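Examination of the molecular architecture
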Amino acid sequence: MMIKILYAILIFATVLFQSLQIATAQPIPTAEENIPYLVTFGAQSEIKWGDDDFCQVFFLIIPTSQVNPVYIRVYDPDCGGEFDEAKGAFDTKTAFSVYGGKGCISDPDAQGSDPKGNFKSGNLLATKTFAENPKYDKNWYTFGPFNPTEGELSNDYGGYVLKIIAQGISGDDGNLYRYFLSAKSDENKAIEGSNSCTFEYTFRMHDNASNVSHVYPYINKAVTTIKIFNFDWDSDGVIRIISVAKNGVAAKVSAEGNWETSTHLISAEEKNTSLDIQFVKNRNLPIKNNNVVIYVTNQYGDQMPFFTAPIGGIPKFKGKIIATPIKK
Ligand SMILES: [Ca+2]
Ligand SMILES: [Ca+2]
Ligand SMILES: [Ca+2]
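This section reports on the structure supplied with the text. Every chain is numbered on its own, with residues counted from 1 as its sequence reads. Here chains are named by letter from A upward and ligands by number from 1 upward, in the order in which they appear as written. Two thresholds apply to this predicted model, a pLDDT of at least 70 for residue-level local features and 80 or more for giving and counting side-chain atom pairs, whereas whole-chain, interface and lining totals are computed over all residues.

It is worth spelling out the overall build of the protein at this point. When helices and strands are counted, the protein shows one helix and 22 strands. Each residue is classed by its C-beta neighbour count within 10 Å, where at least 20 other C-beta atoms makes it buried, 12 or fewer makes it exposed, and intermediate counts make it partly exposed; the C-beta atoms are placed from backbone geometry. The buried share of the protein, reckoned over its 328 residues, is 44%. Within the protein, counting contacts between residues at least 6 apart in sequence, those at least 24 apart form 81% of the total. A run of H or I in DSSP counts as a helix once it spans at least four residues, and a run of E counts as a strand once it spans at least two, with each numbered from the N terminus. Any pair of residues counts as being in contact when their C-beta atoms, constructed from backbone geometry, are within 7 Å of one another.

See the structure below:
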């Protein structure tokens, strides 16, 4: 009996260890991020509704061990129906376009915070524009199949990289959606060892104030200072940093339709780890339908990637917890 229990514990520990070692990041956003939806507004929208540039770029990283085709599935790509954010009648068109090939991620314009210059770098592999369409409301549209080698091979990012750009072509409504990098066309089947990243995140917060959302920028060994930019947070609580060396350092937060920035030093132990930037809503006055934009630069002003499956796992503060006496 005792041996059976020990054996069960061993199996459980092995599975847990493996799950920590292998990133499985196919739903975008991931469970670790706890972000309900990505959001992109139509080109005629007011930026104070929470999208500064009506464009969102994501990179999908496929391990070189993957030989079979992959699919990029988009949940609720249309703008209309249940989840999307209406301004008057739904009249928004959103183009989703998939790119691969040389320059797809390595072109510096692809890694900026603004859709400028050659940000559509690489080869266009597929594109489709969606308006309001009940067929795709609360439903999936599948791009692909794509051969992994159609992506750009990148040693820096650890695999073949595809890019998907969501762009609000026209209209003034908010299109909410999610992605899944799948091994199958008609269902979501994870690809072991894959990951995804973006250099500027535009997303919808939960309405329920008990939900904390997270993004995970990776700190490579060259980073000494970071600058956090956030837009249209609507003063909805706090944005704080957890890392191996930071235990809830507050970033300066934006109100409605403005950018705020704060600069934070990076310590030696934070190099080659991820930061956990947490979005904690105000429990007394939670904001509904809050869309927010965030990006982070290093000391050279270069954008840093947010990985949907944090590299090295979710960081835990390793310093001493200093107890603060409770005020009575
Ligand atoms: Ca409209
Ligand atoms: Ca949608
Ligand atoms: Ca907002």
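One broad rule of soluble globular proteins: the nonpolar side chains tend to lie buried together. The biggest cluster of nonpolar side chains holds 71 residues, and the ones touching the most others in it are Leu 60, Ile 72, Val 161, Leu 162, Ile 164, Tyr 179 and Val 292. The leading source of residues in this core is strand 3 (residues 55-62), at seven residues. As used throughout, domain bounds are those supplied by an automatic or database domain assignment. When residues of this core are assigned to domains, at least three fall in each of domain 1 (26-198) and domain 2 (205-318). Those residues within four positions of Tyr 179 in sequence are excluded, and the remaining contacts are Ile 28, Phe 58, Ile 72, Arg 73, Val 74 and Ile 164. A set of buried residues qualifies as a nonpolar core if it consists of Ala, Val, Leu, Ile, Met, Phe, Trp, Tyr and Cys joined through C-beta atoms within 7 Å.

A few words on the pairing of strand 16 (residues 238-242). Going residue by residue along strand 16, you find Ile 239 and Ile 241 tucked away on one face and Val 238, Arg 240 and Ile 242 left uncovered on the opposite face. In this sheet, strand 17 (residues 247-250) lies alongside strand 16 in antiparallel orientation, the contact comprising three bridges. When the sheet's bridge partners are listed, Arg 240 is paired in strand 17 with Ala 250. Being paired, for any two strands, means DSSP has found at least two bridges between them. Between strand 16 and strand 17, which pair antiparallel and follow one another directly, the connecting turn spans four residues.

Let us look at the sheet that holds strand 20 (residues 276-280). If you walk across this open sheet you meet the four strands as 13-20-16-17, and the pairing is antiparallel. With one partner strand each, in any of the chains shown, strand 13 (212-215) and strand 17 form the two edges of the open sheet. Recorded for the sheet is a direction-independent mean angle of 35 degrees between the axes of neighbouring strands. Axis definition: a line fitted to C-alpha atoms, limited for helices to the stretch in contact. Angles are taken between N-to-C directions and run from 0 to 180 degrees.

With respect to the helices and strands, Asn 147 occurs in the loop between strand 7 (140-146) and strand 8 (152-154). In this structure Asn 147 comes out as partly exposed when scored by C-beta crowding, with 16 C-beta atoms within 10 Å. Between the alpha carbons of Asn 147 and Gln 66 there is a distance of 9.3 Å; along the sequence they are 81 residues apart.

The subject of this paragraph is the environment of Asp 109. In this fold, Asp 109 is placed in the loop between strand 5 (93-100) and strand 6 (123-130). Judged by C-beta crowding, with 14 C-beta atoms within 10 Å, Asp 109 ranks as partly exposed. It is 8.2 Å that separates the C-alpha atoms of Asp 109 and Lys 120, two residues lying 11 residues apart in sequence.

Turning our eyes to something else, we now look at the pairing of strand 5. Here strand 5 pairs with strand 9 (residues 159-170) via seven bridges, running antiparallel. Bridging across to strand 9, Phe 96 finds its partner in Ala 166. Direction of pairing for strand 5 relative to strand 6: antiparallel, over a ladder of seven bridges. Its bridge partner lying in strand 6, Val 98 is registered against Ala 126.

Turning to unusual backbone geometry, a few remarks are in order. Cis geometry marks the peptide bond from Ile 28 to Pro 29, where omega comes out at 5 degrees. Secondary-structure assignment places Pro 29 in the loop between strand 1 (27-28) and strand 2 (37-41). Note that the residue after Gly 144, namely Pro 145, is joined by a cis bond; omega there is 10 degrees. Tracing the backbone shows Pro 145 in strand 7. In the Ramachandran plot, Phe 54 falls in the positive-phi region, its phi being about 55 degrees despite a non-glycine side chain. By the secondary structure assignment, Phe 54 is in the loop between strand 2 and strand 3. Exposure remark for Phe 54: the 25 C-beta atoms within 10 Å place this residue in the buried category.

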